[in-house]
Amino acid sequence: KNEVEQSPQNLTAQEGEFITINCSYSVGISALHWLQQHPGGGIVSLFMLSSGKKKHGRLIATINIQEKHSSLHITASHPRDSAVYICAVRGVSNFGNEKLTFGTGTRLTIIP
Amino acid sequence: EAGVAQSPRYKIIEKRQSVAFWCNPISGHATLYWYQQILGQGPKLLIQFQNNGVVDDSQLPKDRFSAERLKGVDSTLKIQPAKLEDSAVYLCASSLVVLGGQNNEQFFGPGTRLTVL
């Protein structure tokens, strides 16, 4: 079993729909990251969470530390949101340079 | 602020050939990471540098892969000789690490897509 599990693996939705991507993890963490990867490979960091909820534009990320679960929501989805969304968790250490463990990603396709 | 730079963006080689990738992190970032991302999978850490020292290279296939960061800034990742299963995107990332700090964000480069024929 992977330390970081994402669901669904693939998601296709119509423009305007509310999108939810889930991430579950099995290890102790100091932070959880949501990343966006467009075709071509480059990765952009969307959120870094250690508790509660964060919002940026149409994107909302939540985390429940007790349940070891996080969700990424996209409101009023748009075709430009089509990308792979990756959940990654950061382990615990004293130096802040712990490696990230990545999920396999959720491929989101928004149809106009 | 300039981001993490990588070159080349694409490389096609035949198996048993050698290849090298270059990464220039964000200025002032002490920590540099090399990841391998095979199609359909999440990135996997190959090696992590703190300045010019290696912090973690436990998943680096040392019989064929090598990496260096001699002056604590730019880094190169080399594969010699390449195998078919090395076909992947190689991502470089950097972070500003403050000792005793937490949750330093990683900034990723655009990646190098390697195809081994």
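Residues numbered from 1 in each chain as written. Chains lettered and ligands numbered in written order. Predicted model: local features only at pLDDT ≥ 70, side-chain atom pairs only at ≥ 80, totals over all residues. Heavy atoms only, no water.

Now for the packing of aromatic side chains. Residue and element names in this part refer to chain B. Taken as a whole, this structure holds 6 aromatic pairs over all chains when the rule is applied. Here the aromatic rings of Y33 and Y35 are separated by 6.0 Å at their centres, their planes lie at 15°, and the arrangement is stacked. On the basis of relative accessibility, which here comes to 0%, the residue Y35 falls in the buried class. Ring centres of Y35 and F108 lie 5.7 Å apart, and the angle between their planes is 35°; this geometry places the pair in the tilted category. Taken together, the positions of Y35 in strand 4 (residues 31-37) and F108 in strand 10 (residues 107-108) put the pair 73 residues apart, joining distant regions of the chain. (Phe/Tyr/Trp six-rings, centres within 6.5 Å; stacked < 30°, edge-to-face > 60°. Buried < 20%, exposed > 50% of the residue type's maximum accessible area, 1.4 Å probe, protein only. Helix = DSSP H or I, 4+ residues; strand = E, 2+ residues; numbered from the N terminus.)

The next subject is the side chain of D81(A). For D81(A), the location among the structural elements is in the loop between strand 8 (69-74) and strand 9 (83-90). Beyond its immediate chain neighbours, meaning those up to four positions away, D81(A) contacts Q36(A), R58(A), I74(A), L108(A) and I110(A). (Contact = heavy atoms within 4.5 Å.)

What follows deals with the pairing of strand 1 (residues 4-7) of chain A. Residue and element names in this part refer to chain A. With burial as the criterion, only one face of strand 1 is covered, namely that bearing V4 and Q6; the residues E5 and S7 on the opposite face remain uncovered. Here strand 1 pairs with strand 3 (residues 19-25) via 4 bridges, running antiparallel. Note on strand 3: the bridge partner recorded for E5 is S24. (Pairing = 2+ DSSP bridges.)

Moving on, we come to the sheet that holds strand 3 (residues 19-24) of chain B. Residues and elements named next belong to chain B. An order of 1-3-8-7 is seen for the 4 strands of this open sheet, with the pairing classed as antiparallel. Every other strand in the sheet has two partners, leaving strand 1 (5-7) and strand 7 (65-68) as the edge strands with one partner each. The sheet shows a mean angle of 15° between the axes of neighbouring strands, direction not considered. Alignment of strand 1 against strand 3, held across 3 bridges, turns out to be antiparallel. Considered in strand 3, the bridge of A5 is made with N24. (Axes fitted to C-alpha atoms, helices over the stretch in contact; angles between N-to-C directions.)

This structure, assessed with the given rule, holds 2 disulfides over all chains. Between the sulfur of C23(A) and that of C87(A) lies a disulfide, 2.0 Å long from S to S. Here C23(A) and C87(A) share a disulfide; its torsion about the S-S bond, -60°, makes the bridge left-handed. In this pair, C23(A) is assigned in strand 3 and C87(A) in strand 9, connecting sequence segments 64 residues apart. Looking at C87(A), the relative accessible area reads 0%, which means it is buried. Between the sulfur atoms of C23(B) and its disulfide partner C92(B) the distance amounts to 1.9 Å. The sign of the S-S torsion, about -70°, decides the handedness of the disulfide formed by C23(B) and C92(B): left-handed. Placement of the pair is C23(B) in strand 3 and C92(B) in strand 9 (residues 88-95), with a sequence separation of 69 residues. Considered together, C23(B) and C92(B) belong to a single accessibility category, that of buried residues. (Disulfide = S-S within 2.5 Å.)

Here we come to the pairing of strand 9 of chain A. All names here are of chain A. In terms of residue burial, strand 9 counts as a mostly covered element, since 8 of its 8 residues are buried. Where burial is concerned, the two faces of strand 9 agree: the one with A83, Y85, C87 and V89 and the one with V84, I86, A88 and R90 are both buried. Bridge analysis of strand 4 (residues 31-37) against strand 9 gives 7 bridges, and the strand direction is antiparallel. Residue pairing across strands places H33 opposite A88, the latter belonging to strand 9. Strand direction decides the pairing type here: strand 9 and strand 11 (residues 106-111), joined by 3 bridges, are antiparallel. Of the residues in strand 11, the one forming a bridge with V84 is R107.

Here chain A averages 91 in pLDDT, and 94% of its residues register 70 or above. Here strand 10 (residues 100-102) of chain A stands out as the least confident element of chain A, with mean pLDDT 89; strand 8 of chain A is the most confident, with 98. (pLDDT = per-residue confidence, 0-100.)

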